[in-house]
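In case you want the letters, here they are:
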Amino acid sequence: MEDLKKILVEKVLLYESDVLPPETESILRQIRREKTTAPVIYISSGTSSIISGSEETWSAIKTYLDENSLKTDLVRVGCQGPANFEPLVCIQLPGKNRLFFRNITGEKVDLLLNGVFHSDINEDDLAGQQGTRGFEMWPGIPFIEELPFFAHQKRIVMNNCGCYDPENIDEYIARNGFRAFAKTIRHYTFEEVCDIVERSGLRGRGGGGYLTGLKWKQALNTGSLSRYLVCNAKESDPGAFTDRTLLESDPFRLIEGIAIASYAIGTSNAIIFFRKGSEHALERIRKAIGKAREYGVLGNNIFSSGYSLDISVRREPGAFVCGEETALINTLEGKRGMPRLKPPYPTTSGLFGKPTVINNVETLMNVPVIMLNGPEWFRATGTESSPGTKVFAIAGKGRMSGVVEVEMGTSARTILEDIADGIKEGREFRAIQLGGVSGSFLTSENLDLEIDYETLREKGIGMGAGGFVIIDENTCMVDLVRHYMEFMRNENCGKCIPCREGTGRMLEILESIIRKPENEESGTTLERFKGVMQLDSIASVMKDTSLCGLGQNAPNPFMSALGNFREEFEEHIFDRKCRANVCRGLRTFSIDVEKCTGCTACASKCPVNAIYGTRLQPFFIVEEKCTGCGICYDICKFTAITVK
Amino acid sequence: MMRMSINYDTIFKKYKQGRREDLIPLLQDIQDVSGYLSEETIIRAGAFTGLSTTRIYGLATFYDQFRFIPAGRIHIRVCNGTSCFLNGSQAVMNKIKEITGLNPGETARDGIFSYEIETCMGGCNHAPLVRINNKYYSHIKPDHLPELIKKLRFIIEND
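Residues numbered from 1 in each chain as written. Chains lettered and ligands numbered in written order. Predicted model: local features only at pLDDT ≥ 70, side-chain atom pairs only at ≥ 80, totals over all residues.

**Some points on the sheet that holds strand β4 (residues 130–132) of chain B**
Paired through backbone hydrogen bonds, the strands of a sheet run either parallel or antiparallel to each other.
All names here are of chain B.
Moving on, step 1. Strand order in the open sheet formed by five strands is β2-β3-β1-β4-β5, and the pairing between neighbours is mixed. Every interior strand has two partners, whereas the edge strands, β2 (106–107) and β5 (135–137), have only one.
Moving on, step 2. Where β2 meets strand β3 (residues 113–118), two bridges bridge the pair, whose relative direction is antiparallel. Pairing of T107 across the sheet is with S114, part of β3.
Moving on, step 3. Docked against the sheet, helix α6 (residues 89–100) engages β1 (74–79), β3 and β4, running at close to 155 degrees with respect to β1. (Pairing = 2+ DSSP bridges. Helix = DSSP H or I, 4+ residues; strand = E, 2+ residues; numbered from the N terminus. Contact = placed C-beta atoms within 7 Å. Axes fitted to C-alpha atoms, helices over the stretch in contact; angles between N-to-C directions.)

Here you go:
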């Protein structure tokens, strides 16, 4: 074990040339499991897999192997991306391509393994084979790379995800890991690293799209003696889980990215600011940092270069606003997470008044490949203004969901129709929500837009941090906007008035739009109309005067929905109708006299006693009393109840 | 249930006295061990960091993570992320409220249930998602809940 560590550090990381001698290469091949005598079984083990039951699969496979006393390697790997395939099991027989099996729950294990070890593969669970050079192909089995989900992706950041054991540093080094860092630290000065990253055109993936190299330079050029690097792994947007998946699947790559970035700004203090509730990823990153220290990649005088670095991990205590960089700094200082006025920007005065660079997980994970392959190589992918790729978390009503990485400049239509395979159950598409609670909607007119910072900005759409939520016709846009506004009302910090009062007032008005039309003749109608007229102006005041990005962007979903789905808002306001039948207050139920058998099921369950009738005779609903809860609709066995 | 007295000394030893930036990790560690922040621990944290208790309460109430009453033995967390919302988390929340009689953030008097809403657990393809005592339940329908909760309650009460 000690020997292997020595070989990996001295003969791989510190080896002068990029091309390794054949004997080292052969050791690395063994570590990468490209030369095996026994079968290898890989089980995905991200949070998404665990929710689907991958741990049960793991123990079932272990039991099977023990019972049959088979000599097989069992490896937990990260997430490949397609969440619908979880728990995903890959089996690699010696010298043959890896086979991917989807949805292998505990009870399917015996059947699967019996099949594989007796060359009678069950085609139902088979997703495909992964082509690897030098391996024998399985005839008649499709390649996983050709599935629409993978075919339209380009994997730069995710190319290690799901391929290796995220707790094993040897495997990471064998996959070219930490070589960029070793090269950087020995051959480049601080300025040169900033320069290379700036020339590569890498832009902050957290949503802002600021040039990363430039940000580093600003921090480096301050006269301060100490600086800080903070990796913002807070991603708290509901519907986004890209950073967490990346962290769980490839924690060492993040460490390498942080190490290079810290070197570039000349700091020895790096902090990872972690999201609450992803204990699994937290455990992984802690283990990874421990391993990196053990191998001398972190610590004092790294590789005898005179440069020292330590990474500490801090957990977020649960506040959405902490994702904002100045609020994050306040939290790290042990204060309430309230944003500060900018400027001064964190790059001049951040944590404890020192220059601080705050980068997103995905941004930092791009850095090692840039240092390894050079800025020109990176510029070759993506578009002119936004090189590289973007990782998205597809969620919502698409047929496929999961984490995908596409080249910048791919159209949203490709992601929706090819990668996500359209909408579930063939329903009508309505919108895509980009960038979480403060993002905007992409409608069918905008689907052909290229995903690129500039193109989207021209249309007034923010790229966001990676949320890609697909919305179908069964969703009421007004209700969705209300949900976002409620979230914002609960999560704003309360420091500045436009945001604190604005979100509350906007929520009130939106609620009045979807509330039940009680006493329509009294003042409530007037109130509602007055409120609706104010919505626009509240939104613009919030945009102009709020202190931080949270308040400035809080009206975005509303503005975007109003622009794209005006008729739906008008229907709610004037006709008091919800076309998706989601808004409870606006639903009215009636009983079809032809179909009703008078079984009394609905009348007995109605919580407000709004259903009257005589047994075995058709019943009827008193509209004034009905609250629109829909219990009767669900309970009726004869589909006699209709919604208006 | 008798709560075991917990020795907080080891937690406090991990940190240097009087540093404000250690306050949040300190409170998080205390909560990890005891499940909530009791009055004594807050007073002690105040003496340790040199801050008044009101300031610590002011900080701890700002963040959702900290609780001041112990969680119930069946701790229910419902995800209210966009994906769960689109797939019907509202109905699940209504049902939980109906069964337990609790509002989000509350613990029942008998200490059996507590109920919380989380912004996003990141299991968006399993929506709606419910997490009960660290076990995830995916694609939950309101109809599944009564039986599930009854089963869990039975296990707890016979434990």
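Moving on, there is more to tell.
**Structural notes on the domain arrangement of chain A**
Residues and elements named next belong to chain A.
Moving on, step 1. Per the domain assignment, the segments of chain A are domain 1 (32–142), domain 2 (177–379), domain 3 (389–472), domain 4 (477–575) and domain 5 (587–643).
Moving on, step 2. Of the residues lining the interface, seven residues belong to domain 3; the matching set on domain 4 comes to eleven residues.
Moving on, step 3. By residue class, the composition of the side of domain 3 that touches domain 4 is three nonpolar, four polar and no charged. (Domains from an automatic or database assignment. Nonpolar A, V, L, I, M, F, W, Y, C, P; charged D, E, K, R; others polar.)

**A word on the packing of helix α9 (residues 190–200) of chain A against helix α15 (residues 361–373) of chain A**
Residue and element names in this part refer to chain A.
Moving on, step 1. The contact between α9 and α15 brings their axes to 10 Å, and the two run at 100 degrees. Taken together, the axis directions place α9 and α15 in an arrangement best described as roughly perpendicular. Mapping the contact onto sequence places I196, V197 and S200 in α9 and V367, I370 and M371 in α15.
Moving on, step 2. Residues that form the contact of α9 with α15 fall into these classes: five nonpolar, one polar and no charged. (Parallel < 35°, antiparallel > 145°, perpendicular 65-115°, else oblique.)

**Here's the deal with the interface of chain A and chain B**
Moving on, step 1. Listed as interface residues are 37 residues of chain A and, on the opposing side, 30 residues of chain B.
Moving on, step 2. Of all the secondary-structure elements, those providing two or more residues to the side of chain A that touches chain B are α3 (47–52), β8 (310–315), α14 (325–332), β10 (389–396) and β14 (467–472) of chain A.
Moving on, step 3. The class makeup of the residues in the side of chain A that touches chain B is twelve nonpolar, 17 polar and eight charged.

**Regarding the environment of N159 of chain A**
All names here are of chain A.
Moving on, step 1. Relative to the helices and strands, N159 is located in the loop between α6 (148–151) and α7 (169–174).
Moving on, step 2. Classification of N159 by C-beta neighbours within 10 Å gives partly exposed; the count is 15.
Moving on, step 3. Separated by 34 residues in the primary sequence, N159 and D125 place their C-alpha atoms 24 Å from one another. (Buried ≥ 20, exposed ≤ 12 C-beta atoms within 10 Å, placed from the backbone.)

**A word on the nonpolar core**
Residues and elements named next belong to chain A.
Moving on, step 1. Within the largest apolar cluster, 199 residues are counted, with the highest numbers of intra-cluster contacts made by C231, I258, I260, A261 and I432.
Moving on, step 2. With ten residues, helix α12 (residues 251–265) is the single largest residue contributor to this core.
Moving on, step 3. Here I260 is in contact with A180, F181, T184, V193, V367, P368 and M371, once residues within four sequence places are set aside. (Core = buried A, V, L, I, M, F, W, Y, C linked by C-beta atoms within 7 Å.)

**Thoughts on the sheet that holds strand β12 (residues 429–434) of chain A**
Residues and elements named next belong to chain A.
Moving on, step 1. Strand order in the open sheet made by the five strands is β11-β10-β14-β12-β13, with mixed pairing throughout. What marks the edges here is a single partner per strand, and that holds for β11 (402–407) and β13 (440–442). When strand polarity is set aside, the average angle formed by the axes of neighbouring strands in this sheet is 35 degrees.
Moving on, step 2. Sheet analysis places β12 next to β13, joined by three bridges and oriented antiparallel. Bridge pairing links L434 to S440 in β13.
Moving on, step 3. The strands touched by helix α11 (residues 242–249) are β10 and β11; relative to β10, the strand with the most contacts, the crossing angle is about 115 degrees.

**Regarding α14 of chain A**
Moving on, step 1. The buried count for α14 of chain A comes to eight of eight residues, which makes it a mostly enclosed element.
Moving on, step 2. Within the span of α14 of chain A, buried status applies to E325, T326, A327, L328, I329, N330, T331 and L332 of chain A.
Moving on, step 3. Close packing links the buried residues of α14 of chain A with β6 (228–233), β7 (269–274), β8 and β9 (356–360) of chain A together with α2 (23–34) of chain B.
Moving on, step 4. Immediately downstream of α14 of chain A, the backbone of G334 of chain A shows phi near 85 degrees, a positive value.

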